[in-house]
Amino acid sequence: MLRPAYPLKTARLILRPYTPADLDALYDLQSRPEVTRYLYFGPRDRDEVREALDQKTQAVTLTDEGGNLSLAVELAETGQVIGEVILFWRSRAHRQGEVGYLFHPDHGGRGYATEATRVMLRLGFEDLGLHRIIGRIDARNTASGRVLERLGMRREAHFVQNEFVKGEWADEVVYAMLETEWRAD
């Protein structure tokens, strides 16, 4: 089980559980076509975001496989929510996890996704005891691939047209890191 001592802090960011007060910030993020372009869902309306937020406010503890931590990412200087990071617990038996992230385009290119996702890798490897953590992306999302590479994850697989997403076949790229690679870094 994993229940971090919130908030989690980095040099520039605060990672914390979502609250109902985050509706406007999450709507500003998830309603943008450029943000959802490579996701399974398209731009969401306010009611869809409210429903997603309700689920996110509950995702604060990992009690078993199939669960996730979904955390809001704030700028430490201003308290502005600029994105989110997620740690999924995929398998207890195989000690497998997955990371994900979503950031507002106004804050891209500053290393925030890398900084915040590094915290999730630490939680997965050091606190939850995972053996392997992956990151899965749409192959066209090269910026996201660079984030995973900066984290030290290795590109392991490129699946050609393996998923039908938003009316078209999409390639998927999988990056991975082992606990031994995390500890060696």
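Preceding block: the structure.
Below is a summary of the structure that appears in this document. Source: prediction; values computed, not measured. (Residues numbered from 1 in each chain as written. Predicted model: local features only at pLDDT ≥ 70, side-chain atom pairs only at ≥ 80, totals over all residues. Heavy atoms only, no water.)

1. Here's the deal with the packing of helix α1 (residues 23-30) against helix α3 (residues 46-58)
Phase 1 of the analysis: It is at 9 Å that the axes of α1 and α3 come closest, and there the two elements cross at 120°. Along this stretch, α1 crosses α3, giving a crossing that reads as right-handed. Taking contact as the criterion, the partners of Leu23, Asp24, Leu26, Tyr27 and Gln30 in α1 are, on α3, Arg46, Val49, Arg50, Ala52, Leu53 and Lys56.
Phase 2 of the analysis: Partitioned by chemical class, the residues of the contact of α1 with α3 number six nonpolar, one polar and four charged. (Axes fitted to C-alpha atoms, helices over the stretch in contact; angles between N-to-C directions. Helix = DSSP H or I, 4+ residues; strand = E, 2+ residues; numbered from the N terminus. Left-handed = near helix turned anticlockwise from the far one by under 90°. Contact = heavy atoms within 4.5 Å. Nonpolar A, V, L, I, M, F, W, Y, C, P; charged D, E, K, R; others polar.)

2. With respect to a negative patch on the surface
Phase 1 of the analysis: A cluster of like negative charges, contributed by Asp45, Glu48, Glu51 and Asp54, occupies part of the molecular surface.
Phase 2 of the analysis: Tracing the backbone through its elements, the reader meets glutamate 48 in helix α3. (Patch = residues over 30% accessible without salt bridge, like charges linked within 9 Å, V, L, I, M, F, W, Y side chains within 5 Å. Areas by Shrake-Rupley, 256 points an atom, 1.4 Å probe, with all protein chains shown as cover. Salt bridge = Lys/Arg side-chain N within 4 Å of Asp/Glu carboxyl O. Lys, Arg positive; Asp, Glu negative; His and termini not counted. Charge placed at Lys NZ, Arg CZ, Asp CG, Glu CD.)

3. Remarks on the packing of aromatic side chains
Phase 1 of the analysis: What the rule picks out here adds up to two aromatic pairs.
Phase 2 of the analysis: Consider the rings of phenylalanine 164 and tryptophan 169, whose centres lie 5.1 Å apart with planes at 65°: the pair is edge-to-face.
Phase 3 of the analysis: Judged by relative accessible area, which is 52%, phenylalanine 164 ranks as exposed.
Phase 4 of the analysis: It is arginine 44 that lies over the ring of phenylalanine 41; its NZ or CZ is 3.5 Å from the centre.
Phase 5 of the analysis: Of note, arginine 46 hangs over the ring of tyrosine 27, and the distance from its end group to the ring centre comes to 5.3 Å. (Phe/Tyr/Trp six-rings, centres within 6.5 Å; stacked < 30°, edge-to-face > 60°. Buried < 20%, exposed > 50% of the residue type's maximum accessible area, 1.4 Å probe, protein only. Lys NZ or Arg CZ within 6 Å of the ring centre and 35° of its normal.)

4. Describing the sheet that holds strand β7 (residues 154-165)
Phase 1 of the analysis: Spatially, the eight strands line up as an open sheet ordered β1-β2-β3-β4-β5-β6-β8-β7, and their pairing is mixed. Looking at which strands have only one partner, the edges of the open sheet turn out to be β1 (8-9) and β7.
Phase 2 of the analysis: Pairing between β1 and strand β2 (residues 13-17): two bridges, direction antiparallel. Looking across to β2, one finds that leucine 8 is bridged to leucine 15. (Pairing = 2+ DSSP bridges.)

5. Points about the environment of tyrosine 101
Phase 1 of the analysis: Here tyrosine 101 shows up in strand β5 (residues 96-103).
Phase 2 of the analysis: Residue classification places tyrosine 101 among the buried positions, given a relative accessible area of 17%.
Phase 3 of the analysis: Residues tyrosine 101 and leucine 87 lie 14 residues apart in sequence; the distance between their C-alpha atoms is 9.0 Å.
Phase 4 of the analysis: When near neighbours in sequence (up to four residues on either side) are disregarded, tyrosine 101 contacts Glu84, Val85, Ala113, Thr117, Ser144, Val147 and Leu148.
Phase 5 of the analysis: Only 2.7 Å separates the side chain of tyrosine 101 from the side chain of serine 144, close enough to count as a polar contact. (Polar contact = N/O pair within 3.5 Å; in protein donor to acceptor, adjacent residues only side chain to side chain.)

6. What about the pattern of salt bridges?
Phase 1 of the analysis: Tallied over the entire structure, the rule returns 20 salt bridges.
Phase 2 of the analysis: Salt-bridge contacts for arginine 154 lead to glutamate 181; the nearest nitrogen and oxygen are separated by 2.8 Å. With a gap of 27 residues between them, arginine 154 in strand β7 and glutamate 181 in helix α6 (residues 179-184) connect regions that are remote in the sequence.
Phase 3 of the analysis: The exposure class assigned to arginine 154 is partly exposed, which follows from its relative accessible area of 27%.

Read these as spatial facts, not as claims about activity.
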